[in-house]
Amino acid sequence: MARSIYGLDLGTYQLKIYDKKENRIRTVKNAVAVRNETEIFATGDRAYEMYEKAPGEITIEFPMKEGVISRIGEMQYLLESELKTEEGFFSRGTEYVIAVPTDVTEMEKKAFFDLLIYSSARAKEVRIVERGVADAIGAGIDIKQETGAAIVNIGGETTDISVLSRGGIVLNRLLKTGGASIDRAIITLVRRHLDFVIGRLTAEAVRIQSSVFGEEQGHAVMAAGRDLVRSRPGIKEIPDYIVRTAVKEFLKPCGEAVSLMLEQAPPDVLAAIRKRGICLTGGIACTKGLDRYMEEKTGIPFYTVKEPHLSAIRGVRDILLSDDLKDLAYSMKDENYRWMR
């Protein structure tokens, strides 16, 4: 059987997989359904469909937490379910490249390596690449030649801010806040202002449908939930000012972190970033008008790439396909990581 080669980007709520043999990227929900705290009986999209709807004996778990692996056994089970061939087994000598956050400990990075080396995935080689590097490549930045570039990846539970120059990361900071933080703020504001309770998935849907920074002021989204005044289920309009308030409150520390990091950047790197602009990636980057809002708050140009949620996995794909970029991914079997073996 021909050797398989995969690229992986493990997000909190979504797993992105690049299959070199098929030359395609696919996405699947990063969730598992567990019955009676012991039996995993559903994974991926099927498990996510049960979120906030499952009976008491079933829990929906997310193996990733704030950018790192929190449930390695469940993450292995999910990957094994998604990467098996149609015949139900792995091909021998499989190779993997995984995008990982930069601003985490070396032991947390090693967990990504161990995830596949010590599983039934039959991994011959596992290499990792910093997500900021993969993001920049996926955004079309010539990372080895560019004097200065900046990436802000706003995901489900993290915001990864990276400053890059000449093929490497100069500065990086991982904020443990993301889209889920916005959704929790929306839930709180809806309850406080409207005496209405909605779930996280409903809050997410309201956020996506709302005109946060668009020209359609006064727009509202219908949402199902529980009316606290009447103490029964109901449907209510959620005005866009609630979502706008939640998003702006979330973006405030993000803008401050970006400004602080740019103050620490070398002058030539900063000059290049001011000229090029800062690239927005990640799922929250799909928010219409977000780039203009961030530019107003920081004084630095921002721009959003096409399909920003796929930027990192596109970069991983390019690393797998290009001989010029393959040295940007490394194995923890390398000499610098002997102490971790």
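Owing to the predicted nature of the structure, the values given are computational and were not obtained by experimental measurement.

Caption draft 1: Region of interest: empty space enclosed by the protein. Tallied over the full model, the rule gives two cavities of 30 Å³ or more. When its volume is computed, the largest cavity comes out at roughly 40 Å³. Taken together, Ala-150, Ile-151, Val-152, Ile-161, Ser-162, Val-163, Val-258, Met-261, Leu-262 and Ile-278 make up the full set of residues lining the largest cavity. For the lining of the largest cavity, the secondary-structure elements that each account for two or more residues are strand S11 (149-154), strand S12 (159-165) and helix H7 (240-264).

Caption draft 2: Summary view of the nonpolar core. The biggest cluster of nonpolar side chains holds 45 residues, and the ones touching the most others in it are Leu-251 and Ile-278. Looking at this core, the element that brings in the most residues is H7, giving eleven residues. Not counting chain neighbours up to four residues away, the residues in contact with Leu-251 comprise Ile-154, Phe-213, Leu-290, Tyr-293 and Met-294. Formed by 29 residues, the second largest nonpolar core is a distinct cluster that contains Val-34, Leu-115, Leu-116 and Ile-117.

Caption draft 3: Structural view of the packing of aromatic side chains. Scanning all chains against the criterion turns up six aromatic pairs. Seen in terms of ring centroids, Tyr-6 and Tyr-96 are 5.8 Å apart; in terms of plane orientation they differ by 25°. Their pairing is stacked. Taken as a pair, Tyr-6 in strand S1 (residues 5-10) and Tyr-96 in strand S9 (residues 94-100) lie far apart in primary sequence, 90 residues in all. Residue class for Tyr-96 comes out buried when judged on its relative accessible area of 1%. Here the aromatic rings of Phe-213 and Tyr-293 are separated by 4.5 Å at their centres, their planes lie at 20°, and the arrangement is stacked. Note that Phe-213 is positioned in the loop between helix H6 (200-209) and strand S15 (220-227) and Tyr-293 in helix H9 (residues 290-298), a separation of 80 residues in sequence. Assigned by exposure class, Phe-213 and Tyr-293 land together as buried. Ring pairs connect the aromatic residues Tyr-13, Tyr-48, Tyr-51 and Phe-62, which therefore count as one cluster. For the cation-ring pair, Lys-29 lies above Tyr-48, with the distance from its terminal atom to the ring centre recorded as 4.6 Å.

Caption draft 4: A look at the environment of Asp-327. Tracing the backbone through its elements, the reader meets Asp-327 in the segment after helix H10 (311-321). A distance of 2.8 Å separates a polar atom in the side chain of Asp-327 from a polar atom in the side chain of Lys-144.

Caption draft 5: Structural detail: the pairing of strand S4 (residues 32-35). Sheet topology places S4 next to strand S5 (residues 39-43); four bridges connect them, and they run antiparallel. Within S5, the residue paired with Val-32 across the bridge is Thr-43. Where S4 hands over to S5, the hairpin turn is made up of three residues, of which Asn-36 adopts a positive phi near 55°. As defined by bridge partners, S4 adjoins strand S6 (residues 58-61) across four bridges and the pair is classed as antiparallel. For Arg-35, the partnering residue across the bridge sits in S6 and is Ile-58.

Caption draft 6: Layout of the layout of surface pockets. For the largest pocket, the calculated volume is near 870 Å³. Lining of the largest pocket is provided by 40 residues; of these, Arg-207, Gly-282, Gly-283, Ile-284 and His-309 occupy positions nearest its centre. Secondary structure elements with two or more residues in the lining of the largest pocket: S1, strand S2 (14-19), helix H5 (179-194) and H6. Broken down by element, the residue count for the lining of the largest pocket peaks at four residues, all from H6. When grouped by side-chain class, the residues that make up the lining of the largest pocket number eleven nonpolar, 16 polar and 13 charged.

Caption draft 7: Broad picture of the sheet that holds S4. Ordered by their spatial adjacency, three strands build an open sheet running S5-S4-S6, and the pairing between neighbours is antiparallel. The open sheet has two free edges, formed respectively by S5 and S6, since each of these has just one partner strand. Neighbour-to-neighbour, the strand axes of this sheet turn through a mean angle of 30°, independent of strand direction. Packed onto the sheet, helix H2 (residues 72-83) meets S4, S5 and S6 and runs at close to 45° relative to S5.

Caption draft 8: Looking closely at the environment of Ser-259. Tracing the sequence through the fold places Ser-259 in helix H7. Classification of Ser-259 as partly exposed rests on a relative accessible area of 26%. Sequence separation between Ser-259 and Gly-299 is 40 residues, and the spatial gap between their C-alpha atoms is 9.0 Å.

Caption draft 9: A look at unusual backbone geometry. If you check the backbone angles, Glu-66 has positive phi at about 50° while not being a glycine. Positionally, Glu-66 belongs in the loop between strand S7 (64-65) and strand S8 (68-69). In this structure, Asp-195 is a non-glycine residue whose phi angle is positive, near 50°. When you line up the elements, Asp-195 lands in the loop between H5 and strand S14 (196-197). Residue Asp-195 is classed as partly exposed on the basis of its relative accessible area, which comes to 36%.

Rules behind the numbers
- Residues numbered from 1 in each chain as written.
- Predicted model: local features only at pLDDT ≥ 70, side-chain atom pairs only at ≥ 80, totals over all residues.
- Heavy atoms only, no water.
- 1 Å grid on protein atoms, 1.4 Å probe; cavity = no way out; pocket = protein on both sides within 12 Å on 5 of 7 lines; lining within 4 Å.
- Points joined across faces, edges and corners; volume = space filled by probe spheres on them.
- Helix = DSSP H or I, 4+ residues; strand = E, 2+ residues; numbered from the N terminus.
- Core = buried A, V, L, I, M, F, W, Y, C linked by side-chain atoms within 4.5 Å.
- Buried < 20%, exposed > 50% of the residue type's maximum accessible area, 1.4 Å probe, protein only.
- Contact = heavy atoms within 4.5 Å.
- Phe/Tyr/Trp six-rings, centres within 6.5 Å; stacked < 30°, edge-to-face > 60°.
- Lys NZ or Arg CZ within 6 Å of the ring centre and 35° of its normal.
- Polar contact = N/O pair within 3.5 Å; in protein donor to acceptor, adjacent residues only side chain to side chain.
- Pairing = 2+ DSSP bridges.
- Nonpolar A, V, L, I, M, F, W, Y, C, P; charged D, E, K, R; others polar.
- Axes fitted to C-alpha atoms, helices over the stretch in contact; angles between N-to-C directions.

It is worth stressing that arrangement in space is one thing and function is another; only the former is reported here.
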